[in-house]
Amino acid sequence: MTKNVIEIENLSKNFGDQKVLEDINLTIKDNEIVAIIGPSGTGKSTFLRTLNHLNEPTTGKITVGDVTVDAASYTKKQVQQLRMQSSMVFQNYNLFKNMTALENVMESLVTVRNVNKKEAREIALEQLERVGLLDKKDAYPSRLSGGQQQRVGIARALAVDPKVLLFDEPTSALDPMLVSEVLQTIKKLVETDHTTMLLVTHEISFARDVASRVIFMNEGRIAADGTPDEILSNPTDKNLQQFLNINQY
Ligand SMILES: Nc1ncnc2c1ncn2[C@@H]1O[C@H](COP(=O)(O)OP(=O)(O)OP(=O)(O)O)[C@@H](O)[C@H]1O
Ligand SMILES: [Mg+2]
């Protein structure tokens, strides 16, 4: 039996009076590639960010890997440990402008994981090679295209060898011309790596292509959850049908 790598119980998140996530319950097994789709403002980013406490849940229990944080009562140390379980690829890359590609990939290995510099450098070079950017290792972000910057972001996320990789619309800030190189990089990872991935994306045909499971979020809830075929080819939920129509899928 494959074990669960993520378990979420009764998760909710309010911003002031606004209920953004409402009673989410979800388990994700090791090696699953989960695409999360849904209308804008529906809580997809907020959801992803609760998994590493970048957003603090209002209620609920989050387990990633072997660490559980219960919103009712937790310690700083538990949050630190939770954050070590996953790593995130952001829409806007979030690279340090004053560091080279190599230094960006090494940074959290050295500062958060206490890996020594020599070893961190080796790991970082290996990950840059995986995303096809070894020749750009000494370039600063301003000298890289958006697609290259995002591939550095992916190398950085991979470098810490997380149990779960989280992608929040990794291609939506890119020029249309640069989208496919990033999608190809992610696709290659899915084929060669065995990391569990959660991928918020508006690239629905990409979701169909790479995901083993698709989740449709609507108004802070999981409105549909199934195989790409169930969700994208035979949607039963009315809001999902409408969403797919609007997105011309
Ligand atoms: N830090 C915050 N403070 C207050 N409200 C927030 C905050 N972050 C998000 N929200 C609100 O929570 C709701 C959900 O936002 P979220 O960014 O999770 O949506 P999303 O599904 O990722 O949308 P998109 O597809 O546009 O990225 C929105 O109404 C947003 O305004
Ligand atoms: Mg978002």
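Above this text sits the structure in question.
Residues numbered from 1 in each chain as written. Chains lettered and ligands numbered in written order. Predicted model: local features only at pLDDT ≥ 70, side-chain atom pairs only at ≥ 80, totals over all residues.

Engineer: Whenever I open this one, the environment of Thr-100 confuses me. Can you help?
Structural biologist: Looking at the secondary structure, you find Thr-100 in the loop between strand 6 (86-89) and helix 3 (101-111). Ignoring any residue separated from it by four or fewer positions in sequence, one finds Thr-100 in contact with Lys-137, Asp-138, Ala-139 and Tyr-140. (Helix = DSSP H or I, 4+ residues; strand = E, 2+ residues; numbered from the N terminus. Contact = placed C-beta atoms within 7 Å.)

Engineer: Would you mind going over the sheet that holds strand 6 with me for this structure?
Structural biologist: In a beta sheet, neighbouring strands pair by backbone hydrogen bonds and run either parallel or antiparallel. An order of 6-7-8-3-9-10 is seen for the six strands of this open sheet, with the pairing classed as mixed. Of all strands in the sheet, those with a lone pairing partner are strand 6 and strand 10 (221-226), marking the two edges. Each adjacent strand pair in this sheet contributes to an overall mean axis angle of 20 degrees, direction not counted. The sheet contact formed by strand 6 and strand 7 (residues 164-168) spans four bridges and is parallel. From the neighbouring strand, Ser-86 faces strand 7, where its bridge partner is Val-164. Taken strand by strand, helix 5 (residues 146-159) contacts strand 6 and strand 7, and its axis lies near 175 degrees from that of strand 6. (Pairing = 2+ DSSP bridges. Axes fitted to C-alpha atoms, helices over the stretch in contact; angles between N-to-C directions.)

Engineer: Where do I start with the site of ligand 1 in this structure?
Structural biologist: Every residue near ligand 1 is listed here: Phe-15, Val-20, Gly-38, Ser-40, Gly-41, Thr-42, Gly-43, Lys-44, Ser-45 and Thr-46. The biggest single contributor to the shell around ligand 1 is helix 1 (residues 44-50), with three residues. Here the shell around ligand 1 is built from residues that sort into two nonpolar, seven polar and one charged. (Near = placed C-beta within 6 Å. Nonpolar A, V, L, I, M, F, W, Y, C, P; charged D, E, K, R; others polar.)

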